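Chain by chain, the residues run as shown.
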Amino acid sequence: MKKLHLLFLISICFSCQKEVQLVKSNRTIDSTVVDHTPVYIFFESSAKDTIADVNRKNTIGTTNWIFHVDKRLPLQKVIPEIVALQDKRKKAQFHTNENAQNYFSYTDSIQGKLAFIPFTKTSFTYNSYFSTSYVKENPDYHIHFNTFSVNFKNKNKITVDGNEVEPSELLDFLKEYTTFSNSEKPILIYLNFDERLSFDTYLAQIIALQSIENERITIAPVHFIYDNTKIQNCDCTL
């Protein structure tokens, strides 16, 4: 397939005549994806409910998949669809390519072009699981790291290990906060998102947080999408 060089601020599935409003960011992670097929996840409203309408017609298992996800969708609707597609691809026995990647598309608002961020190695948990529980349940692995937990709460509130942080100050706070770590162990930062948040909030934060990764700091590949009503009794520091 041809290289993807698109300059659209909004991606449209012309065959369906439906619009996907993409997340916007001021930086590009990747600008070109070779040999790809699209997966569209549209925003639809039905009565008082929001629907994630998935269209992956003509998706080829041996190619890179680009997920064009509408930024208005709440995580509780879109993440299960993404997980289902990830699982289906992993379980496929034929017509697969172990080097094929999954990408989210978004708009680079500075350069005015389509950009991409890979998420092939990202896994999602949702409903009643939080990163602090995961760390406690896997001590043999986490003994090698100094772990931190970022919680993106509803209504644009953020905490880092229970400390409230202004959204505009998150990156600087994390850089300073992790600097004062008393351990020489590598740092692993876990991300938790209230499922009521939009895909716009989720992806914009993922893109921004990549800027603080270095040889010592890593954003954990497990992302926790939680239902606030189901984790009230956990040690989550909500």
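Rules of the game
Residues numbered from 1 in each chain as written. Predicted model: local features only at pLDDT ≥ 70, side-chain atom pairs only at ≥ 80, totals over all residues. Heavy atoms only, no water. Axes fitted to C-alpha atoms, helices over the stretch in contact; angles between N-to-C directions. Helix = DSSP H or I, 4+ residues; strand = E, 2+ residues; numbered from the N terminus. Parallel < 35°, antiparallel > 145°, perpendicular 65-115°, else oblique. Left-handed = near helix turned anticlockwise from the far one by under 90°. Contact = heavy atoms within 4.5 Å. Nonpolar A, V, L, I, M, F, W, Y, C, P; charged D, E, K, R; others polar. Phe/Tyr/Trp six-rings, centres within 6.5 Å; stacked < 30°, edge-to-face > 60°. Buried < 20%, exposed > 50% of the residue type's maximum accessible area, 1.4 Å probe, protein only. pLDDT = per-residue confidence, 0-100. Core = buried A, V, L, I, M, F, W, Y, C linked by side-chain atoms within 4.5 Å.

Participant: Help me understand the packing of helix H4 (residues 170–179) against helix H5 (residues 199–209), please; the structure alone is not making it clear to me.
Facilitator: Geometrically, a packed helix pair is captured by the angle between its two axes and the distance between the axes. Where H4 contacts H5, the two axes come as close as 11 Å, and the packing angle between them is 45 degrees. Judged by the inter-axis angle, H4 sits oblique to H5. As H4 runs across H5, the sense of the crossing is right-handed. On H5, the residues touching Leu-170, Leu-171 and Leu-174 of H4 are Gln-205, Ala-208 and Leu-209. Residue composition of the contact of H4 with H5, by class: 5 nonpolar, 1 polar and no charged.

Participant: Sorry if this is basic, but what is going on with the packing of aromatic side chains here?
Facilitator: Applying the stated criterion across every chain yields a total of 19 aromatic pairs. Ring geometry for Phe-124 and Tyr-202: centres 6.2 Å apart, planes at 55 degrees, overall tilted. Here Phe-124 is found in strand E9 (residues 123–127), whereas its partner Tyr-202 is found in helix H5, with 78 residues between them in sequence. Exposure class is identical for Phe-124 and Tyr-202. Each is buried. In this structure an aromatic cluster arises from ring pairing among Trp-65, Phe-67, Phe-104, Phe-119, Phe-124, Phe-152, Phe-193, Phe-199 and Tyr-202.

Participant: So what exactly am I meant to see when it comes to the confidence of the model for the protein here?
Facilitator: The predicted model of the protein averages 86 in pLDDT, with 87% of residues at 70 or higher. Contacts from residues 1–14, a stretch scored under 50 in pLDDT, to residues over four places away or in other chains number 39 contacts.

Participant: How should the nonpolar core be read in this particular structure?
Facilitator: Among soluble globular proteins, nonpolar side chains are generally buried collectively. Core analysis: the largest hydrophobic core is formed by 43 residues, its most contacted members being Phe-104, Ile-189 and Phe-199. Contact partners of Phe-199, with chain neighbours within four places excluded, come to Val-23, Val-69, Asp-70, Lys-71, Leu-73, Leu-75, Val-78, Ile-82 and Phe-104. In this structure, Val-33, Tyr-40, Ile-66 and Leu-114 belong to the second largest nonpolar core, which totals 9 residues.

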